[in-house]
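# Working through the structure, step by step
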Amino acid sequence: MSQELSRRKFANADEIVEKLMFGDQTLAPTVLSTEESLGLISHELVSEGASIFRQIDPEILFATDEWYLDDFERWRNLYLSAAEKNEEILVGVA
């Protein structure tokens, strides 16, 4: 996805993808071990992410890899649903 965003002239594409997957805020960093964390994807990033996901056709981006296509569509649906409901997203990273 980073390559697609770079192709579309998004500045800092790698950083955007990392935030979309792991959040733009860390919750309870002193409570969990260094191998685990909770990331929060803020309302603003959910909205930005939904906008990005709407612009990308997953069938074209992942035409040759069904596993990545399914994974991308799960993330896309999560962002679109959260944006529609004005929600934040909590992600656990292990």
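Residues numbered from 1 in each chain as written. Predicted model: local features only at pLDDT ≥ 70, side-chain atom pairs only at ≥ 80, totals over all residues. Heavy atoms only, no water.

## Let's talk about helix H5 (residues 66–84)
The end-to-end C-alpha distance of H5, which contains 19 residues, comes to 26 Å, matching closely the 27 Å that a straight helix rising 1.5 Å per residue would cover. Those residues of H5 lying buried are Leu69, Phe72, Tyr79, Leu80 and Ala82. Buried residues of H5, seen end-on, are gathered within an arc of 165° and therefore sit on one face of the element. Among the exposed residues of H5, those pointing more than 90 degrees away from its buried face are Glu66, Trp67 and Arg74. (Helix = DSSP H or I, 4+ residues; strand = E, 2+ residues; numbered from the N terminus. Expected span 1.5 Å × (residues − 1). Buried < 20%, exposed > 50% of the residue type's maximum accessible area, 1.4 Å probe, protein only. Arc of directions from axis to C-beta.)

## Looking at helix H2 (residues 13–22)
Within H2, burial applies to Ala13, Ile16, Val17 and Leu20. Angular distribution of buried residues about the axis of H2 spans 95°; they occupy a single face of the element. Along H2, the residues that are exposed and aim more than 90 degrees away from the buried face are Asp14 and Glu18. Those residues of H2 that are buried lie in contact with helix H1 (2–7), strand S2 (37–41), helix H3 (43–55) and H5. Note on H2: the residue one or two positions beyond its end, Gly23, has a positive phi of about 100°. (Contact = heavy atoms within 4.5 Å.)

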